[in-house]
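Topology and contacts: notes
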Amino acid sequence: MTAVTTIETSTVATSSRGPRGLLWTMLRVHRSALWFWVLLVAFGAGALLWAHGPAADAAWAEFRRRGCDSGQPVLGCDYIGTAYDRYDTFSTLGAGVLGLAPFLAAAWAGGALIGRELENGTAQLAWTQSVTPARWLAAKLAVPAALLATGTLTLTLLHRMMWSADGQLRLAMGSRDWYQGTTFEANGTLATAYALLGLAVGVLAGLLQRRALPALGTAVVGLALLATSIGTLRPYLWPVETLTAKDGYPEYIGMVLGEGALTSTGARVSDPMCIDNAKCLAEHDIVGFYRDYHPSSHFWPLQLMETGIVLAVTGLAVLIAFRLLKRRTGTVA
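In this report, we go over the structure that sits alongside the text. (Residues numbered from 1 in each chain as written. Predicted model: local features only at pLDDT ≥ 70, side-chain atom pairs only at ≥ 80, totals over all residues. Heavy atoms only, no water.)

**Let's talk about helix H12 (residues 299-329)**
Since the α-helix packs 3.6 residues into each turn, any two residues three or four apart lie on the same face. The terminal C-alpha atoms of H12, which comprises 31 residues, lie 45 Å apart, in line with the 45 Å expected from a rise of 1.5 Å per residue. Residues of H12 that are buried include every one of Phe299, Leu302, Gln303, Glu306, Thr307, Val310, Thr314, Ala317, Ala321, Leu324 and Leu325, and no others. Once H12 ends, the next one or two residues include glycine 330, with phi positive near 75 degrees. (Helix = DSSP H or I, 4+ residues; strand = E, 2+ residues; numbered from the N terminus. Expected span 1.5 Å × (residues − 1). Buried < 20%, exposed > 50% of the residue type's maximum accessible area, 1.4 Å probe, protein only.)

**Regarding the pattern of salt bridges**
Opposite charge on two side chains makes pairing possible when the charged atoms of those side chains draw close. Counted under the stated rule, the structure contains 5 salt bridges. In this structure, glutamate 117 and lysine 140 form a salt bridge, with 2.8 Å as the shortest nitrogen-oxygen distance. Of this pair, glutamate 117 sits in helix H4 (residues 82-120) while lysine 140 sits in helix H6 (residues 133-165), and the two are 23 residues apart along the sequence. Of the two residues, glutamate 117 and lysine 140, neither departs from the other in class, the shared state being buried. (Salt bridge = Lys/Arg side-chain N within 4 Å of Asp/Glu carboxyl O.)

**A closer look at the packing of aromatic side chains**
Scanning the entire structure with this criterion turns up 9 aromatic pairs. Here the aromatic rings of tryptophan 178 and tyrosine 179 are separated by 5.4 Å at their centres, their planes lie at 85 degrees, and the arrangement is edge-to-face. You can call tyrosine 179 partly exposed: its relative accessible area is 23%. With 6.4 Å between their ring centres and 80 degrees between their planes, tryptophan 178 and phenylalanine 299 make a pair best called edge-to-face. One end of the pair, tryptophan 178, is in the loop between helix H7 (167-173) and helix H8 (181-186); the other, phenylalanine 299, is in helix H12, and 121 residues separate them in sequence. Here tryptophan 178 and phenylalanine 299 have matching classes, each one buried. One cation-aromatic arrangement involves arginine 268 over tyrosine 290; the distance from NZ or CZ to the ring centre is 4.0 Å. (Phe/Tyr/Trp six-rings, centres within 6.5 Å; stacked < 30°, edge-to-face > 60°. Lys NZ or Arg CZ within 6 Å of the ring centre and 35° of its normal.)

**A look at the state of the cysteines**
Considering all chains together, one arrives at 1 disulfide under this definition. The disulfide that involves cysteine 274 links it to cysteine 280, with 2.1 Å between the sulfurs. On the sign convention where negative means left-handed, the S-S torsion of about -75 degrees between cysteine 274 and cysteine 280 marks this disulfide as left-handed. Given a relative accessible area of 15%, cysteine 280 falls into the buried group. (Disulfide = S-S within 2.5 Å.)

**Details of the pairing of strand E2 (residues 254-263)**
The buried fraction of E2 amounts to 7 of the 10 residues, a majority that puts the element mostly inside the structure. Summarising the sheet, E2 and strand E4 (residues 286-295) pair through 9 bridges and their orientation is antiparallel. Counted as the bridge partner of glutamate 259 is arginine 291 from E4. Alignment of E2 against strand E3 (residues 268-269), held across 2 bridges, turns out to be antiparallel. Across the sheet, residue alanine 261 finds its bridge partner in E3, namely valine 269. Here E2 folds back onto E3, and the loop between the two strands holds 4 residues, one of which, glycine 266, carries a positive phi near 90 degrees. (Pairing = 2+ DSSP bridges.)

**Focus on the packing of H4 against helix H10 (residues 212-233)**
Where H4 meets H10, the closest approach of the two axes is 8 Å, and the angle between their N-to-C directions is 150 degrees. With respect to H10, the axis of H4 lies roughly antiparallel. Of the two possible hands of crossing, H4 and H10 adopt the one that is right-handed. Contact with H4, carried on its side by Pro102, Phe103, Ala106, Ala107, Gly110, Gly111, Gly115, Arg116 and Glu119, involves Ala212, Ala215, Leu216, Ala219, Val220, Leu223 and Ala224 of H10 and no other residues of that element. A class-by-class count of the residues in the contact of H4 with H10 yields 11 nonpolar, 3 polar and 2 charged. (Axes fitted to C-alpha atoms, helices over the stretch in contact; angles between N-to-C directions. Parallel < 35°, antiparallel > 145°, perpendicular 65-115°, else oblique. Left-handed = near helix turned anticlockwise from the far one by under 90°. Contact = heavy atoms within 4.5 Å. Nonpolar A, V, L, I, M, F, W, Y, C, P; charged D, E, K, R; others polar.)

**Observations regarding the pairing of E4**
With respect to burial, E4 is a largely interior element, 9 of its 10 residues being buried. In this structure, strand E1 (residues 241-245) lies alongside E4, joined through 5 bridges in antiparallel fashion. Bridge pairing in E4 places alanine 245 opposite phenylalanine 289.

If you want it as structure tokens, here you go:
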């Protein structure tokens, strides 16, 4: 540990003069994390490309060999064969990288990017050179943010390509709806937004704890709480659509938020569970049934609304981080 600290200190002392020197110092000190991120993105991209190409072709061939209609769910054709199972595994791995990225960013930013350097004193040494605390923090945020955004956007585009090309395959197998957690985030702007939130939360945790391990834990737990809280708001970020029917619940394809029975006055009541009993329905004054849901056309409104919230929270975390640094160092630039 002492040897590592000495090397980092020497690197900061000789290299952190000006923005270009600070950038070089960051890439040099954190090159292991950089290579890990590049390899992780390459792994995710490879999994998605394989799912889009050979795995999807094999799944389609297997599906057709069984004599099933690929356009609609067919009784007896919802069995997931080995080829489809491989396709599903590769697509899940690709989306999983996007789901894991925010937590990796938070853990690394809190533990290594900020916490360890404050604990070892290398950050304080950099501030005595030509790099001010504010510029130091700006670089710590900007460089990883650019790398995170580049990687997550690349994986998002590949995931959308895979998802759009093989939608009928998933429909036929009755799996993976557009609104399910990781799929919803991987198909739009949310994956990148949450990765940036993870970075901001990790940096803030590092400044608060000023020690590597406590900052790492605080960052991961804090991000988990934030992501869970924001995720619970998702269904309510855009007005729902309502379907009604007189005989039973209406058919739908989408995210269901509520359902029940309708009286003759239009009031919504709980389903008396006597849909086939005319006398029971009359006694409860039930004249129809309803379902509130989000159709697939609500994907982008929900996606962009949640992205805006995540980016707003990210900006707030960054603002607090700069205010905290200013308070502790007494400098603004």
